[in-house]
Amino acid sequence: MRYHDSPPPPESASPVPSDRPWFTRRSTLVVAVAALAPACLAGWVLTQVLTGAGRAEGHDAKPPVSTGGNPAASPSAPAAPAAAAKGPLTGRTVVIDPGHNTGNFQHTDEIDQQVDIGTARKECDTTGTTTNSGYMEAEFTLDVSLRLRTVLEAQGAKVVLTHEADRPWGPCINERARIGNEAKADAVVSVHADGVSAGSRGYHVILPAKVKGGAADTAAIVEPSRRLGERIAGNFARTTRSAPANYLGSGTGLVVRDDLGGLNLSTQPKVFIECGNMRDAKDAAQLTSPEWRQKAAQGIADGVVGFLGG
Ligand code: ZN
């Protein structure tokens, strides 16, 4: 449908025949000049407005996004990542891992290949779940991760994403862990949403268990990862008003697992967050809301800031 059709302009005045008496021609000229004058004035005013750079910038300037913990941020600081913001995370590196990949559904052979997670062998990656209406977990995780990156960069952090719609599938879980390790991340967050039965609701944060085997040795990260996870869980509950999961974690919103390669192979403090249950209609209504996803990203970011002492 064409929404921008407009009625044709009114027909312009017919040209004045040249055989009219002089006074008629002169009145036409007067009318034309009279009509032209306001147009010129309007043009001059418009020019003045457009060239009034100071006023235009003042009007367009947006206040910085409030993050609740960055009072030192300059209101005039540009939002471009190139000009790193100063804040409580200045000098810190945060790795964000958007769970799954929207392309995984088309690359099942690749993601089914087994990789070594130290304590076992496991599929490279999985497709992730979807809502009943088909909104993919991988879309959700990338959206929240990009929002999270923006908030963390505004706090001064260097942010690395394990992927961002720049590859057809994956990365494999061992590569996801390696990206965090090689970045020497001060904190790593893997973003997910769960896919369990309707009626199961709420968020939970997954903490690494103490495991040792092959390349896996989490002894050094168990304790800091728990502190990171507790901070994220508390802030996520505050910003989203979501409740801790009602189907695991005994109401704490915290779960320890020893079977996730992304945690077992990490040498840096790392947690997963399952933001809600995509298969529950009420949770799905939140997960599909951009406003709610912004709150989710804010809560995770506030948790990272709290953990890193911001
Ligand atoms: Zn997932």
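Residues numbered from 1 in each chain as written. Predicted model: local features only at pLDDT ≥ 70, side-chain atom pairs only at ≥ 80, totals over all residues. Heavy atoms only, no water.

Draft legend 1. Broad picture of the side chain of serine 145. Within the fold, serine 145 resides in helix α4 (residues 137-154). Those residues within four positions of serine 145 in sequence are excluded, and the remaining contacts are Ile96, Asp97, Pro98, Leu161 and Val191. (Helix = DSSP H or I, 4+ residues; strand = E, 2+ residues; numbered from the N terminus. Contact = heavy atoms within 4.5 Å.)

Draft legend 2. How the structure looks around the coordination of the zinc ion. On the protein side, the zinc ion has His100 (NE2), Glu137 (OE) and His192 (ND1) as donor atoms, found 2.0 to 2.1 Å from it. Using a relative accessible area of 8% as the deciding quantity, one classes histidine 100 as buried. (Donors = N, O, S within 2.8 Å, 3.2 Å for Na, K, Ca; no water. Buried < 20%, exposed > 50% of the residue type's maximum accessible area, 1.4 Å probe, protein only.)

Draft legend 3. How the structure looks around the packing of α4 against helix α9 (residues 290-307). For the pair α4 and α9, the least separation of the axes is 8 Å and the interaxial angle reads 50°. Relative to α9, α4 is oriented oblique. Handedness of the α4/α9 crossing: right-handed. The residues of α9 that touch α4, namely those facing Phe140, Asp143, Val144, Arg147, Leu148, Val151 and Leu152, are Pro290, Trp292, Arg293, Gln294, Ala297, Gln298, Ile300, Ala301 and Val304. Tallied by class, residues from the contact of α4 with α9 come to eleven nonpolar, two polar and three charged. (Axes fitted to C-alpha atoms, helices over the stretch in contact; angles between N-to-C directions. Parallel < 35°, antiparallel > 145°, perpendicular 65-115°, else oblique. Left-handed = near helix turned anticlockwise from the far one by under 90°. Nonpolar A, V, L, I, M, F, W, Y, C, P; charged D, E, K, R; others polar.)

Draft legend 4. Spatial organisation of the state of the cysteines. Under the counting rule described, the total for this entry stands at one disulfide. Between the sulfur atoms of cysteine 124 and its disulfide partner cysteine 172 the distance amounts to 2.2 Å. Measuring the twist about the S-S bond at about -90°, one finds the cysteine 124-cysteine 172 disulfide to be left-handed. Here cysteine 124 is found in the loop between β3 (121-123) and α4, whereas its partner cysteine 172 is found in the loop between β4 (158-161) and α5 (173-182), with 48 residues between them in sequence. This pair shows no difference in class: cysteine 124 is buried, exactly as cysteine 172 is. (Disulfide = S-S within 2.5 Å.)

Draft legend 5. Just the sheet that holds β4, in detail. Taken together, six strands build an open sheet; the order of strands is β4-β1-β5-β10-β6-β9 and the sheet is mixed. Across the chains shown, the open sheet's two edge strands, defined by having one partner strand only, are β4 and β9 (254-257). For this sheet the average axis-to-axis angle between neighbouring strands, irrespective of direction, equals 25°. Where strand β1 (residues 93-98) and strand β5 (residues 187-194) come together, five bridges link them in parallel fashion. What sits directly across from isoleucine 96, in β5, is valine 189. (Pairing = 2+ DSSP bridges.)

Draft legend 6. Molecular detail of the side chain of arginine 293. Here arginine 293 lies in helix α9. The class of arginine 293 is buried, set by a relative accessible area of 7%. At 3.0 Å, the side chain of arginine 293 forms a polar contact with the backbone oxygen of leucine 287. If we skip the residues at most four places from it in the chain, arginine 293 touches Tyr135, Phe140, Asp143, Val144, Arg147, Leu287 and Thr288. (Polar contact = N/O pair within 3.5 Å; in protein donor to acceptor, adjacent residues only side chain to side chain.)

Draft legend 7. Local environment of the packing of helix α6 (residues 222-240) against α9. In the contact formed by α6 and α9, the axes pass within 7 Å of each other and the chain directions differ by 145°. Handedness of the crossing formed by α6 with α9: right-handed. The residues of α9 that touch α6, namely those facing Pro224, Arg227, Leu228, Arg231, Ile232, Asn235, Phe236, Arg238, Thr239 and Thr240, are Trp292, Lys295, Ala296, Gln298, Gly299, Ile300, Asp302, Gly303, Val304, Gly306 and Phe307. Of the residues that constitute the contact of α6 with α9, the class distribution is nine nonpolar, seven polar and five charged.

Draft legend 8. Up close: the confidence of the model for the protein chain. Across the protein chain, the average pLDDT comes to 82, with 73% of residues at or above 70. Within the protein chain, helix α2 (residues 53-60) has the poorest average pLDDT of any element, 32, and strand β10 (residues 270-277) the best, 99. (pLDDT = per-residue confidence, 0-100.)

Draft legend 9. Here's a closer look at the nonpolar core. Counting residues in hydrophobic clusters, the biggest one holds 39 residues, and the most contacted among them are Phe140, Leu152, Ile232 and Val304. Of all the secondary-structure elements, those providing two or more residues to this core are β1, α4, β4, β5, β6 (204-208), α6, β10 and α9. Here this core takes eight residues from α9, the largest share from any one element. Not counting chain neighbours up to four residues away, the residues in contact with isoleucine 232 comprise Val189, Val205, Val271, Ile273, Gly299, Ile300, Gly303 and Val304. Within the second largest apolar cluster, twelve residues are counted, among which are Cys124, Cys172, Ala177 and Leu265. (Core = buried A, V, L, I, M, F, W, Y, C linked by side-chain atoms within 4.5 Å.)

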